[in-house]
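The primary structure of each chain is shown beneath.
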Amino acid sequence: MNLETIDLKAVNEQLKNKTPKEVVKWALDMGLKPVITTNFRPYEGAILHLVTSLNNDIEVIWCDTGYNTPQTYKHAEELIHKLQLNVQLYVPKQTVAHRNVILGLPTVDDPNHALFTEQVKLEPFKRAMQEHKPKIWFTNLRKGQTVFRDSIDVVSQSKDGVIKVSPFYNFSDEELDEYLEKFDIPNEFKYFDPTKVENNRECGLHV
């Protein structure tokens, strides 16, 4: 498949009635370099379990802002151990302690918010993608999370031409709860994103 000329509308029509597992298999069968990105927020266990059940050595890129809750860190360690994840950890180049002195924790209205977001989220992510150079990017984006995410579909494409695959795009929280229960995958809701104030605000990586 030529990713430069991929017909996203046709692909999404083809996958419209496929299960998440069938969607992942379709993507892996292209034989292109895949990665998963995760921040171990709620319901991330579903995408991590699903993809690694079909490709157990796939690289899992974790961009840790450094501001996660103790519960999130414990949850991450539990999932890493349980699923034997091949985690590739990326962190900001500046420590939280140093940044607290220079920037603090800017609100979205603060002029320093863009710089803060670049430091803790965007730069580590760009660095990870440049180093791993994936062609397929598995995410847990879902419809109903943000206005932008409502505008995409199961398969979309990043600004850099990477094919983003969101197998659970049409799943509700309740359906994901059932998936996690079926496969005995833990979940954790005490999650904090320092770049966002509102839950329905886009994180910056997917626009």
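Residues numbered from 1 in each chain as written. Predicted model: local features only at pLDDT ≥ 70, side-chain atom pairs only at ≥ 80, totals over all residues. Heavy atoms only, no water.

We now examine the overall build of the protein. Within the protein one finds eight helices and six strands. Moving toward the C terminus, one meets the helices and strands of the protein in the order α-α-β-α-β-α-β-α-α-β-α-β-β-α. For the protein, the residues scored as buried account for 50% of the 207 residues in total. Contacts spanning at least 24 positions in sequence make up 75% of the contacts within the protein whose residues lie at least 6 apart. Accessible area of the protein: about 11000 Å², with a carbon and sulfur share of 50%. (Helix = DSSP H or I, 4+ residues; strand = E, 2+ residues; numbered from the N terminus. Buried < 20%, exposed > 50% of the residue type's maximum accessible area, 1.4 Å probe, protein only. Contact = heavy atoms within 4.5 Å. Areas by Shrake-Rupley, 256 points an atom, 1.4 Å probe, with all protein chains shown as cover.)

Our next topic: the nonpolar core. Counting 39 residues, the largest nonpolar core has Trp26, Ile36, Phe40, Leu48, Phe138 and Val165 as its most contacted members. Counting residues in each nonpolar core, the second largest holds nine residues, with Val35, Cys63, Met129 and Trp137 among its members. (Core = buried A, V, L, I, M, F, W, Y, C linked by side-chain atoms within 4.5 Å.)

Turning to helix α4 (residues 70–83), a few remarks are in order. The terminal C-alpha atoms of α4, which comprises 14 residues, lie 20 Å apart, in line with the 20 Å expected from a rise of 1.5 Å per residue. Buried within α4 we find Thr72, His75, Ala76, Leu79, Ile80 and Leu83. Down the axis, α4 shows its buried residues gathered within 135 degrees of arc, on one side only. Summarising the geometry of α4, the exposed residues directed more than 90 degrees from the buried face are Pro70, Lys74 and His81. Tucked into the core, α4 has its buried residues touching α3 (44–54), β2 (59–63) and β3 (86–90). Phi for glutamine 84, located one or two positions after α4, is positive at around 55 degrees. (Expected span 1.5 Å × (residues − 1). Arc of directions from axis to C-beta.)

With that settled, consider the sheet that holds β3. Read from one edge to the other, the open sheet built from six strands follows the order β3-β2-β1-β4-β6-β5, with strand pairing classed as mixed. For this open sheet the edge positions go to β3 and β5 (155–157), each flanked by a neighbour on one side alone. Each strand axis lies, on average, 30 degrees off the axis of its neighbour in the sheet, ignoring direction. Judged from the four bridges that link them, strand β1 (residues 34–38) and β2 form a sheet pairing that is parallel. Considered in β2, the bridge of threonine 37 is made with isoleucine 61. Along the sheet face, helix α2 (residues 20–28) touches β1, β4 (136–138), β5 and β6 (163–165) and points at about 155 degrees away from the line of β4. (Pairing = 2+ DSSP bridges. Axes fitted to C-alpha atoms, helices over the stretch in contact; angles between N-to-C directions.)

As a further point, take helix α6 (residues 113–132). Spanning 20 residues, α6 covers 28 Å between terminal C-alpha atoms, matching the ideal 28 Å at 1.5 Å per step. At glutamine 119, α6 is bent by approximately 45 degrees, the largest bend along its length. Note on α6: the residue one or two positions beyond its end, lysine 133, has a positive phi of about 50 degrees. (Bend = angle between axes of the 7 residues up to and from the residue.)

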